[in-house]
Amino acid sequence: MTQAYLAPKETQIGHVHLKVANIERALAFYRDILGFEEMARTPQAVFLGAGGYHHHIGLNTWHSAGAPPAPVRSAGLYHCAILYPTKRDLAVAYERVLDAGLNLDGAADHGVSLALYLRDPDDNGVELYWDRPTEDWPIDSQGALHMVNEPFDLNALLAEAD
């Protein structure tokens, strides 16, 4: 192994499977607010997808039924990220989050994307984001990607939902 390995450019990360304390409470967030469709269910797990896909999100209570959230200062998942295909789709998701009375932890324009950050009912971090077209990504003078962490106008994003 003398040469560095790079994963093929077509490589993707598949679904996220989350330990939750209460399946119905988690469904109220991922299904009822974010709009994922229930694809399959067992007594201790539910699988949710979009567009007919078998599952993007798994929720289970196999080791976590009734458990408190993981401590902030522990190893584990920082957040899962849900990529929306259009800016309007992100705006609609944001509108649904607001209509549900949920608060954001933050929002950022990363140059490559617009991102909204919040917590699910089990205190897992969730990022809702939209990627700008790759030709619009900020490239510095050396040709390297230059991501940023800037604020953006959330009201202007909401206007996209109309």
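Here's a quick rundown of the structure. (Residues numbered from 1 in each chain as written. Predicted model: local features only at pLDDT ≥ 70, side-chain atom pairs only at ≥ 80, totals over all residues. Heavy atoms only, no water.)

1. Describing the layout of surface pockets
The volume enclosed by the largest pocket comes to roughly 690 Å³. Lining the largest pocket are 25 residues, and of these Phe-36, His-56, Ala-81, Ile-82 and Leu-83 lie nearest its centre. Those elements that place two or more of their residues in the lining of the largest pocket are strand S5 (80-84) and helix H2 (87-99). Roughly 580 Å³ of volume is contained in the second largest pocket. Looking at the second largest pocket, it is lined by 21 residues, and the ones nearest its centre are Ala-70, Pro-71, Leu-77, Asp-123 and Asn-124. Of the residues assigned to the lining of the second largest pocket, the class counts are twelve nonpolar, five polar and four charged. (1 Å grid on protein atoms, 1.4 Å probe; cavity = no way out; pocket = protein on both sides within 12 Å on 5 of 7 lines; lining within 4 Å. Points joined across faces, edges and corners; volume = space filled by probe spheres on them. Helix = DSSP H or I, 4+ residues; strand = E, 2+ residues; numbered from the N terminus. Nonpolar A, V, L, I, M, F, W, Y, C, P; charged D, E, K, R; others polar.)

2. Brief notes about the nonpolar core
Counting 32 residues, the largest nonpolar core has Tyr-30, Leu-34, Leu-59 and Leu-128 as its most contacted members. At the level of secondary structure, the elements contributing two or more residues to this core comprise strand S1 (16-19), helix H1 (23-30), strand S3 (45-49), strand S4 (57-60), S5, H2, strand S7 (113-119) and strand S8 (125-131). Those residues within four positions of Leu-34 in sequence are excluded, and the remaining contacts are Phe-29, Ile-82, Tyr-84, Val-97 and Leu-128. (Core = buried A, V, L, I, M, F, W, Y, C linked by side-chain atoms within 4.5 Å. Buried < 20%, exposed > 50% of the residue type's maximum accessible area, 1.4 Å probe, protein only. Contact = heavy atoms within 4.5 Å.)

3. Overview of the sheet that holds strand S6 (residues 106-109)
The four strands are arranged S5-S8-S7-S6 in an open sheet whose pairing can be described as mixed. The strands lining the two open edges of the sheet, one partner per strand, are S5 and S6. Within the sheet, the average angular offset between the axes of one strand and its neighbour, ignoring direction, is 20 degrees. Looking at chain direction, S7 and S8 are connected through seven bridges and run antiparallel. The partner of Leu-116 across the bridge, within S8, is Leu-128. (Pairing = 2+ DSSP bridges. Axes fitted to C-alpha atoms, helices over the stretch in contact; angles between N-to-C directions.)

4. Thoughts on the sheet that holds S1
A sheet is described by the order of its strands in space; here four strands give the open sequence S1-S4-S3-S2, paired in mixed fashion. Each edge of the open sheet carries a strand with a single partner, namely S1 and strand S2 (37-42). Sheet twist, expressed as the mean angle between neighbouring strand axes with direction ignored, is 20 degrees. Bridge count for S2 against S3 is five bridges, and the pairing is antiparallel. Directly across from Glu-38, in S3, lies its bridge partner Leu-48. Where H1 meets the sheet, its contacts fall on S1, S2, S3 and S4, and the angle it forms with S4 comes to roughly 155 degrees.

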